[in-house]
Amino acid sequence: MMTKAEALDILAAARTDEVVVTCMGAAVPWGERSHHALDFASVGSAMGHAADFALGLALAQPHRKVLCLNGDGSLLMSLGILVTMVQNPAPNFLLFILANGTYEVTGNQPVPGAGRLDYSAIARGCGLWQVHEFDRPATFRAALPALLQAEGPTVVTLHVAPENLGPPVRGPHNPPYLQRSLAEDAHALRQRLLGE
Amino acid sequence: MAQAKRILEALKQLGTTHIVSLPDNLARALLEAGEADPDIQMVPVCREGEAMALAAGLYIGGKQPVVVIQCTGFLEAGDALRGTLWAMKIPVLLLLGYRGYRTLGQPQKDSAAVFFEPTLRAWDIPYDFLGSDEDIPKIVSCWKRAQERSRPVALLLTEECS
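Each chain has its residues counted from 1, running along the sequence as written. Just so you know, chain letters begin at A and ligand numbers begin at 1, following the order they were written in. A pLDDT threshold of at least 70 governs which residues receive local features in this predicted model, and a stricter bar of 80 or more applies before side-chain atom pairs are shown or counted, although totals over entire chains, interfaces and linings include all residues. Only hydrogens and water are set aside; all other atoms, that is, all heavy atoms of the structure, feed into the side-chain values.

Draft legend 1. Representation of the interface of chain A and chain B within the structure. In what follows, a contact means two residues having at least one pair of non-hydrogen atoms within 4.5 Å. Of the residues lining the interface, 29 residues belong to chain A; the matching set on chain B comes to 27 residues. The term buried area refers to how much accessible surface (probe radius 1.4 Å) is lost by two components on association, counted for both of them together. Buried area between chain A and chain B, both sides added, is near 2,000 Å², and the carbon and sulfur share of it is 66%. Between Lys or Arg on one side and Asp or Glu on the other, a salt bridge is scored when a side-chain nitrogen of the former is within 4 Å of a carboxyl oxygen of the latter. The interface formed by chain A and chain B includes zero salt bridges. Whenever a nitrogen or oxygen atom comes within 3.5 Å of another N or O atom, the pair is scored as a polar contact, on the condition that within protein one atom can donate a hydrogen and the other can accept it, and that pairs from neighbouring residues in sequence are kept only if both atoms are in side chains. Our count for the contact surface shared by chain A and chain B stands at eight residue pairs in polar contact (both at pLDDT 80 or more). The classification used treats Ala, Val, Leu, Ile, Met, Phe, Trp, Tyr, Cys and Pro as nonpolar, Asp, Glu, Lys and Arg as charged, and all other residues, Gly among them, as polar. Looking at the side of chain A that touches chain B residue by residue, the classes come out as 16 nonpolar, eleven polar and two charged.

Take a look at the structure:
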């Protein structure tokens, strides 16, 4: 099993001009590693819907890769997104599931089905074909460049150890992309995507 | 009954690019018209909360979506609406099928109808009614209101589209 830090370090090192949407336990640590104009934190937004939002971005911007760093608890709240991804295929969309088996930001309560769920099997069962999973940094690092180039939609499960982060919030004393309001950041992202 | 093709044409004249939807009897003809129209990208979802967030993503990505769902799904999607379209200040038109509208004046009311308008008001969603072709100009007025307030506005389908 990887640490979340190892997984995010690998992603940050490989990332170029993709849009990256984060939520929950990935939001603050990603913001500590990346200060990219196309980073967006689904914080203060609706739980469970970061992937839905990111899919909408991907469908709207087919010439850009869009990555969503989702949690397993978050995915379970809107699991139908895996089917929606098949029904509305975005070849430029990559959904990363940081699977730690817990609701990390509320005290590490286990998610339903923890230890028994096979997200890859669920994704394949929904009809997705670019489905991968990693639990070692070296194999993830080696595979990531090809994954970023592949025609998706792509689902990547990253088995990471749980940590003790509290809930992410917006405001000062945060990484830059968490300092403004959700609306300000959303509209700033829109302006950047539209080249305004 | 409002003609689905006229509703769709009005939406297209406003620049609508996508219809994000989950089927509803009242909007069935509208969704069928959208499917047949090469200028509209239909985006079916599994649950109405996805529709709110996905529509938000489409808008932030530069597109102009409309959400077409039933009022029961609207109720289900409450926090998704709050956390995406409302909190991100996104001016999207919501076409919401008003299940139980005709029961409001009757002793046995559809509970979906009982909760619907009070919930719209509680969630700060202005709304108007669309039941016939005479109401189609409201599509423009509701869309303009959404742009002015930079938040969602709803049109309630009280009759089945034809």
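Draft legend 2. Local environment of unusual backbone geometry. Residue Gly-152 of chain A is joined to Pro-153 of chain A through a cis peptide bond whose omega torsion reads 10 degrees. Positionally, Pro-153 of chain A belongs in the loop between α7 (137–149) and β8 (154–159). Unlike most non-glycine residues, Asp-124 of chain B shows phi in positive territory, near 60 degrees. On the secondary structure map, Asp-124 of chain B appears in the loop between α6 (111–122) and β5 (127–130). Per the convention used, a helix needs a DSSP run of H or I reaching at least four residues, while a strand needs a run of E reaching at least two, with both numbered from the N terminus.

Draft legend 3. Seen up close, the environment of Met-52 of chain B. All names here are of chain B. In this fold, Met-52 is placed in helix α3 (residues 48–60). Relative accessibility under 20% of the residue-type maximum defines a buried residue, over 50% an exposed one, and the middle range a partly exposed one, all with a 1.4 Å probe and only protein chains included. Residue classification places Met-52 among the buried positions, given a relative accessible area of 0%. Sequence-wise, Met-52 and Val-66 are 14 residues apart; in three dimensions their C-alpha atoms are separated by 9.6 Å. The contacts of Met-52, once residues within four sequence positions are left out, are Ile-69, Phe-74, Ala-77, Ala-80, Leu-81, Thr-84, Leu-85 and Leu-94.

Draft legend 4. Region of the structure containing the side chain of Gln-70 of chain B. Residue and element names in this part refer to chain B. With respect to the helices, strands and loops of the structure, Gln-70 is situated in strand β3 (residues 65–70). Judged by its relative accessible area of 16%, Gln-70 is buried. A polar contact of 2.5 Å, which involves the side chain of Gln-70, links it to the side chain of Thr-72. Beyond its immediate chain neighbours, meaning those up to four positions away, Gln-70 contacts Asp-24, Gly-97 and Arg-99.

Draft legend 5. Quick look at the sheet that holds strand β7 (residues 130–134) of chain A. Residue and element names in this part refer to chain A. Across the sheet, six strands lie side by side as β2-β1-β3-β4-β8-β7; this open sheet has parallel pairing. Single-partner strands in this sheet number two, and they are β2 (39–41) and β7. Looking at each pair of strands side by side, their axes are set apart by 15 degrees on average, direction ignored. Here strand β3 (residues 66–71) runs beside strand β4 (residues 93–99); their pairing, made up of six bridges, is parallel. Residue pairing for β4: Gly-71 is matched across the bridge by Leu-98. Running at roughly 175 degrees to β3, helix α3 (residues 50–60) makes contact with β1 (19–22), β2, β3 and β4 of the sheet. At least two bridges found by DSSP between two strands are what make those strands a pair. To get an axis, a line is fitted to the C-alpha atoms, and for a helix only the part in contact is used. The angle between two axes follows their N-to-C directions and goes from 0 to 180 degrees.

Draft legend 6. Main features of the packing of aromatic side chains. What counts as a ring pair is set by centres within 6.5 Å for rings of Phe, Tyr and Trp (its six-membered ring), and what kind of pair is set by the plane angle: stacked under 30 degrees, edge-to-face over 60, tilted for all other angles. The full count for this structure, using the stated rule, is nine aromatic pairs over all chains. Every member of this aromatic cluster is reached through a ring pair, and the members are Phe-74, Tyr-98, Tyr-101, Phe-116, Trp-123, Tyr-127 and Phe-129 of chain B. Here the guanidinium or amino end of Arg-190 of chain A rests over the ring plane of Tyr-59 of chain B, the centre of that ring lying 4.0 Å away. Placement of a charge over a ring requires the Lys NZ or Arg CZ to be within 6 Å of the ring centre, with the centre-to-atom vector within 35 degrees of the ring normal. Geometry around Trp-86 of chain B places Arg-151 of chain B over its ring, the cationic atom sitting 3.6 Å from the centre.

Draft legend 7. Representation of the packing of helix α1 (residues 4–14) of chain A against helix α2 (residues 24–33) of chain A in the model. All names here are of chain A. Orientation of α1 relative to α2, taken along the N-to-C sense of each, is 50 degrees, at an axis distance of 10 Å. Judged by the angle between their axes, α1 and α2 are oblique. Crossing handedness for the pair α1 and α2: right-handed. Residues Lys-4, Ala-5, Leu-8, Asp-9, Leu-11 and Ala-12 of α1 lie in contact with α2, whose contacting residues are Gly-25, Ala-26, Pro-29, Trp-30 and Arg-33. Convention used here: angles under 35 degrees read as roughly parallel, angles over 145 as roughly antiparallel, angles from 65 to 115 as roughly perpendicular, and any remaining angle as oblique. Should the near helix be turned anticlockwise from the far one by less than a right angle, the crossing is left-handed, and should it be turned clockwise, the crossing is right-handed.

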